[in-house]
Amino acid sequence: MASFSDQLQEIKSLISLNTKSHKSFAYSSLLHLQEQCSSDTCSIQTLAQESQSVLSQIIVDISDDDEEIAAQALKCLGFMIYHPILVASIPVEDANLIVRSLAELIVTTKMKVSVWCISIQQFSASFLATDFHCLLRAIVHALDNPIGSLSTTYEAIQAVMKLVTELSEKMINTSNIWLPPIYRRLLSVDKRERDMSERCLLKIKSAVLPPLLTISKALVVDMKQKLLPRMKETLNLGMKVQTMQAWGWFIRLLGSHAIQKRHLVNEMLKIPELTFSDHDPQVQIASLVAWEGLIDALIQSPLQACETDHTAQENGVQELGTSKRNNFEIKTNGFLKSVKLIMTPLTGIMLSKCDISVRSSCLNTWCYLLHKLDISVNDPLVVETVLAPILEAVFRTGPDSKSTWLWNLCVDLFDDFVSAKCRAVDCDLNYQVSDISARTSIHGLPMPGKCSWKHYPIKWLSWDLSQLDFHIKMVCTLINQGSKFAVLPENRILACEAALRIFRSVLKGVQIEMKSPSIDYNQILLCLNTILRFMKKISEDVGLTDTGIMELHYTYLQALEAVIKELEPSILGSPLYKVAYDIKYIDRVPSVYDINLAEVLGIRSIGHMDMVSPVVYLTTLYVYTAVHSTFDAPKMEFVLLGVQKYFEFLMSSYPPENLNAIIVLLYEHMGFSSLNIWVAIAQGLENYLKDVKDLSPLKTELNSTGYFAVCHLLSYPFSLCFCLPKESNFTKIIGSSQRKLELEHVTEVWKSLYGCVNSASQFASSTTNIFSEDLCSMLARCLDENNSKLDRDTELDPSNKKRYLGLLSLCGDIMIYILEQSLTLKVNSKGTKNTDDHCSMSSSGINSSLGLIVRFMRMPTLMETDAAISLAVTSRFLSCRVFTALVKFVCRLHLKQNILSYIEIISSSLLQWLSHVEKRDESTIHQLELLWNETLDCLRMSQPPIIFNSSFLKLQAPLLEKTLDHPNPSISDSTIAFWNSTYGEQMQLDYPQSLCHVLDKLSRSGRINLYKRTFSFLQKCNSREVVAPQRYEVTATKNRSSKRVELVEATVNDSGDKDKPSPSLKRKRQELTENQKEVRRAQQGRERDSNGHGPGVRTYTGVDFSQGNEESQDSQEFQNTESILEKLRRNY
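Just so it is clear, the structure is predicted and the values come from calculations on it, not from any experiment.

Rules of the game
- Residues numbered from 1 in each chain as written.
- Predicted model: local features only at pLDDT ≥ 70, side-chain atom pairs only at ≥ 80, totals over all residues.
- Heavy atoms only, no water.
- Helix = DSSP H or I, 4+ residues; strand = E, 2+ residues; numbered from the N terminus.
- Buried < 20%, exposed > 50% of the residue type's maximum accessible area, 1.4 Å probe, protein only.
- Phe/Tyr/Trp six-rings, centres within 6.5 Å; stacked < 30°, edge-to-face > 60°.
- Axes fitted to C-alpha atoms, helices over the stretch in contact; angles between N-to-C directions.
- Parallel < 35°, antiparallel > 145°, perpendicular 65-115°, else oblique.
- Left-handed = near helix turned anticlockwise from the far one by under 90°.
- Contact = heavy atoms within 4.5 Å.
- Core = buried A, V, L, I, M, F, W, Y, C linked by side-chain atoms within 4.5 Å.
- Nonpolar A, V, L, I, M, F, W, Y, C, P; charged D, E, K, R; others polar.
- Salt bridge = Lys/Arg side-chain N within 4 Å of Asp/Glu carboxyl O.
- pLDDT = per-residue confidence, 0-100.
- Expected span 1.5 Å × (residues − 1).
- Bend = angle between axes of the 7 residues up to and from the residue.
- Polar contact = N/O pair within 3.5 Å; in protein donor to acceptor, adjacent residues only side chain to side chain.

## Looking at unusual backbone geometry
Then comes step 1: That bond from Leu209 to Pro210 is cis: its omega, -5 degrees, falls within 30 degrees of zero.
Then comes step 2: By secondary structure assignment, the location of Pro210 is in the loop between α15 (205-208) and α16 (213-236).
Then comes step 3: A cis amide bond links Gln943 to the next residue, Pro944, at an omega of -10 degrees.
Then comes step 4: One non-glycine residue, Asp374, adopts positive backbone phi at about 55 degrees.
Then comes step 5: For Asp374, the location among the structural elements is in the loop between α25 (356-372) and α26 (380-397).
Then comes step 6: With phi around 70 degrees, Met609 is a residue other than glycine that occupies positive phi space.
Then comes step 7: Within the fold, Met609 resides in the loop between α34 (592-601) and β2 (611-612).
Then comes step 8: Classification of Met609 as partly exposed rests on a relative accessible area of 44%.

## Concerning the packing of aromatic side chains
Then comes step 1: Counted by the stated rule, this structure contains 23 aromatic pairs.
Then comes step 2: Ring plane angle 10 degrees and centroid distance 3.9 Å describe the contact between Tyr622 and Tyr646, whose orientation is recorded as stacked. Here Tyr622, found in helix α35 (residues 614-628), pairs with Tyr646, found in helix α36 (residues 633-653); they are 24 residues apart in sequence, far enough to count as distant. Like Tyr622, the residue Tyr646 is buried in the burial classification.
Then comes step 3: Consider the rings of Tyr754 and Tyr817, whose centres lie 6.0 Å apart with planes at 75 degrees: the pair is edge-to-face. Taken as a pair, Tyr754 in helix α41 (residues 737-764) and Tyr817 in helix α43 (residues 805-821) lie far apart in primary sequence, 63 residues in all. Comparing Tyr754 with Tyr817 shows no difference in burial state: the two are buried.
Then comes step 4: An aromatic cluster is present here, built from Phe948, Phe952, Phe978, Trp979, Tyr983 and Tyr991 joined pairwise through their rings.

## Observations regarding the packing of helix α29 (residues 468-482) against helix α30 (residues 489-514)
Then comes step 1: Where α29 contacts α30, the axes come no closer than 8 Å and their chain directions differ by 160 degrees. As far as their axial angle goes, α30 and α29 are roughly antiparallel. The element α29 and its partner α30 pack so that their crossing is left-handed. Of the residues in α30, those touching α29 at Leu468, His471, Ile472, Val475, Leu478, Ile479, Gln481 and Gly482 are Arg492, Ala495, Cys496, Ala498, Ala499, Ile502, Phe503, Val506 and Val510.

## Regarding the nonpolar core
Note on soluble globular proteins: their nonpolar side chains tend to be buried together.
Then comes step 1: Grouped together as the largest cluster of nonpolar side chains are 326 residues, with contacts concentrated most on Trp178, Trp247, Phe250, Trp366, Met535 and Trp750.
Then comes step 2: The biggest single contributor to this core is α30, with 11 residues.
Then comes step 3: Dropping the residues within four chain positions of it, Met535 is found in contact with Phe503, Tyr556, Ala559, Leu560, Val563, Leu618 and Leu621.

## Structural notes on the packing of α25 against α26
Then comes step 1: Remark: α25 packs on α26, axes separated minimally by 11 Å, with the N-to-C direction vectors making an angle of 150 degrees. With respect to α26, the axis of α25 lies roughly antiparallel. Crossing of α25 against α26: the hand is left-handed. Along the contact surface, α25 presents Arg359, Leu363, Trp366, Leu369 and Leu370, while α26 presents Val386, Leu387, Ile390, Leu391 and Thr397.
Then comes step 2: When its residues are assigned to classes, the contact of α25 with α26 shows eight nonpolar, one polar and one charged.

## A word on the pattern of salt bridges
Then comes step 1: Tallying each qualifying case throughout the model produces 28 salt bridges.
Then comes step 2: Close ionic contact of Asp278 with Lys240 constitutes a salt bridge, the shortest N to O distance being 2.6 Å. In this pair, Asp278 is assigned in the loop between α19 (262-276) and α20 (281-298) and Lys240 in helix α17 (residues 240-254), connecting sequence segments 38 residues apart.
Then comes step 3: The salt bridge involving Glu748 is made with Lys751; its shortest N-O contact spans 4.0 Å. Of the two residues, Glu748 and Lys751 both sit in helix α41, three residues apart, roughly one turn of that helix.
Then comes step 4: A relative accessible area of 17% means that Lys751 is categorised as buried.
Then comes step 5: Through salt bridges with shared partners, a single network forms among Arg252, Asp296 and Lys372.

## A closer look at the confidence of the model for the protein chain
Then comes step 1: In this model, the protein chain carries an average pLDDT of 76, and 71% of its residues clear a pLDDT of 70 or more.
Then comes step 2: This stretch, residues 725-735, has a pLDDT under 50; its non-local contacts, to residues over four places away or in other chains, come to 17 contacts.
Then comes step 3: Ignoring residues within four places in sequence, the model shows residues 825-840, a span with pLDDT below 50, making 26 contacts including any to other chains.

## Describing the environment of Val882
Then comes step 1: Here Val882 shows up in helix α46 (residues 869-891).
Then comes step 2: Counting along the chain gives 70 residues from Val882 to Gly812, while the straight-line C-alpha distance between them is 7.3 Å.
Then comes step 3: With near-sequence residues (within four places) excluded, Val882 lies in contact with Ile816, Ile853, Phe856 and Met857.

## Re α26
For an α-helix, the turn length of 3.6 residues means that residues three or four places apart are oriented alike.
Then comes step 1: If you check α26, its first and last C-alpha atoms are 24 Å apart, about what 18 residues at 1.5 Å a residue would give, namely 26 Å.
Then comes step 2: In α26, a bend of some 40 degrees at Leu387 exceeds every other bend along the element, and Pro389, a proline, comes one to four places later.
Then comes step 3: Taken together, the buried positions of α26 are occupied by Val382, Val383, Thr385, Val386, Leu387, Ala388, Ile390, Leu391, Glu392, Ala393, Val394 and Phe395.
Then comes step 4: Elements in contact with the buried residues of α26: α24 (335-351), α25, α27 (404-423) and α29.
Then comes step 5: The opening residue of α26, the one whose side-chain oxygen lies 2.9 Å from the backbone nitrogen of Leu381, is Asp379.
Then comes step 6: Gly398 sits one or two positions beyond α26 and adopts a positive phi of about 85 degrees.

Here it is as structure tokens:
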């Protein structure tokens, strides 16, 4: 077999023979040899060297008259100018000769291979540039394709794409020459020609767009003469998709020149006007894709417009930094009219019920418009024209199973726009654009049909407060979508989450804007009113009390929390920014019980149109929503936790006076469900007090709103239980185990908060616990006011007693806890505990605690024993527990002052309890017996001792009358023992009339001693010991209508001796002077004149009623025997 070199030599010989047969065989062999060595580097190098000698002959043969020889020579030449090694070995002169020869051949012959050679050649741009015009003429001739060969057209188009790549500038400048033959084929009947032309335009798009004025003018001529009529014909032929594809390229190639040819453009717009309304989705999609061509033609970026607008440059406009600076130019250039024209079909499609593929394509075209608008997209007028219609259409339509991703795209895009305000902080424009471009590009999701997603970066810039209304409007649209009943739950959640996400971004931007030094007072106030109006409108539109849409209520609560947390307290809580309290739908007509309760507790509500701080306005909406919303158990836990955290944040960031707004709303809108909200608020306050150690809410100044608000908060469960309406479902659910657990939880929370506040109050005030006393007084007033209500309710309808089971349980537990807390050791100012029990109990604290217990025990349901079985069981159980707590309380009483306070307060109620003891259960009777015994014991063990004289007997007479002859032996026996050890030891007593029958009965039976048995008269006279007389003290109690009488033993000389008096002191009758005897006789005469009483017992008309310190009476001599006997006869 001959070597590769030998074969080349043989081929060269055959070509040089110039005979047809030899040349044909030689070119055929050369082509075969070229194909064999194409992958062999050594062989191709040899071929490159040997080809130089035959290249000139090949150039001659391509123009041979014999088409077979010319075609074979062209194929061999094509391989040589395509292969990079071979083409590199061709000399410059030969290369130029080849280009000219090929160009000439294309024009003068029908050789299609010559066009192929041009399309595949790999000559450098310098070789092609030399003969560019000659080459261009040949290509245009081939594009015109006079012979109608499809392959010629194909190769010519390939040659165009090749030349645009290598000679870009020259091809662009001459595009008006070679481009018309290409775009005309877009309307060809032959699909292959249309496809070839479109592929070419797509390939060279970046080079020809935006088009030069020359190509636009050429197209205008073609459009008027051929293309516009042709498009109407193709539409009639049913080629709607193909027509719109061509229309899109035509409008692009018109470019900015289209603005000057409005009549032509209007004629062209009649084409898509027909296709947009077509029912075929493919036709609509093709129309939308073509519509992007109109965007390219009519929309120029601000920087491009600035470069081409020489008039603007002459006026000194260098760049468009912000959309506001462009506003005038946009209007004057008819920019908005063009934008509105583009938006018309897009808005119509998004509002219609088109196929999801059409809506997807429409959204893609819209995003392309946003991209082309560049930074002009941030102009408020552009936002209103371009952004708002599509977002509203998508948000109002709502997501469904097919369009969820479209919804998410619009939400993400709008959130990027809003978030640009936050990203703009400390960032320059370039950083913003690159970052936003990465996030706002449309990618990752395939669009139905043959179209695919494109990457369209949108240049969002920082917005100002002038666009706040637009942002709020979009958020409102999202929330309204979530409020529709027909919306599926998962879609409602999607809408609510999107609204909350965007609203948070808006608030962050507002906060950044408010920090700007350029913003003034009026702008801040306007911004606050805008946000508050929005919150109010949402709550009104969705009908918070009626819709029952759980997700919407939860989202609304989170939105209110976001406002409080995102906007600084220095703005929301500032006394400078006051807003009108215009939440009229929260107001309601209060009942008579509500009015009385407000008067009793001193709660001042917020009136309609009162000026309040923004935080009070928002807090009112928050509490109202939480109280009137209904959630399932899992969601309710999140809501209550949110309320608790909200309140903690409120207390830590705002003055405690804001607590009053919450309390007011709770009292104005009472319902059993509000107890859950009360629990969350109470836990929030407790956590705040424990964590922050801030006692400011507990300050007891006269005008301390926070202090009284805490008292009102603790009073709320009582008020709620009293004020529940009869028609409520409280009666039905009160007996349920779940409701019982809730009441128990309320009780535990109340105890915990009270203990925390009470301890803090004691620490803040080491001398007295004003907080506990004020709270007890407030609760007592509440019970006083509502006990009468219970009386009326139970009298009108005895079945109403069942309604108060929960009230009894709640009140009883809390009353007992308050009583127990009053016995706890008090911490002094040094932080140590007092170990002396009686030192920790002040008279006012005892009075307030006991007064509350007494009022509680006077409740009709506790005093009556013929109630329903469930009510009776509850009443008995609570009564037993109350008596047990009172027993422990009485055991701790040691001081005389405290004991007398206890007797004064408890006597009336104790008498009622003892009067019906036989109807009570055994445990209650036992505790009542213990209470009575402890009461008697504390009277005997008082420090200093109590003097059991006639005055004190008069105070105890009602109780003694009931207990001395009580049917219960335990009570009567202990009372008789008490009498014998106290009153029975007295020498002289003035017995109340009410006790006479009892004393007479018991004394005749020998069970009690009426007075102490004394020595005979002669023994007294001979005795050298004289018993010291008694002295008396009357002190004023808190009740101005009564005074307390106290009897104190003293010696006749106690004025001079401060030591403890001794009973062994002696005094002789003859030691009295005459003057002393006269004084004594005058006193005895005066005392006998007072209601007929004899000496020895002071009556109210004879004792000293001075208040304060003890004042002793003058001692008296023992009476003679006649006086004593006379006294005894009169009394017995």
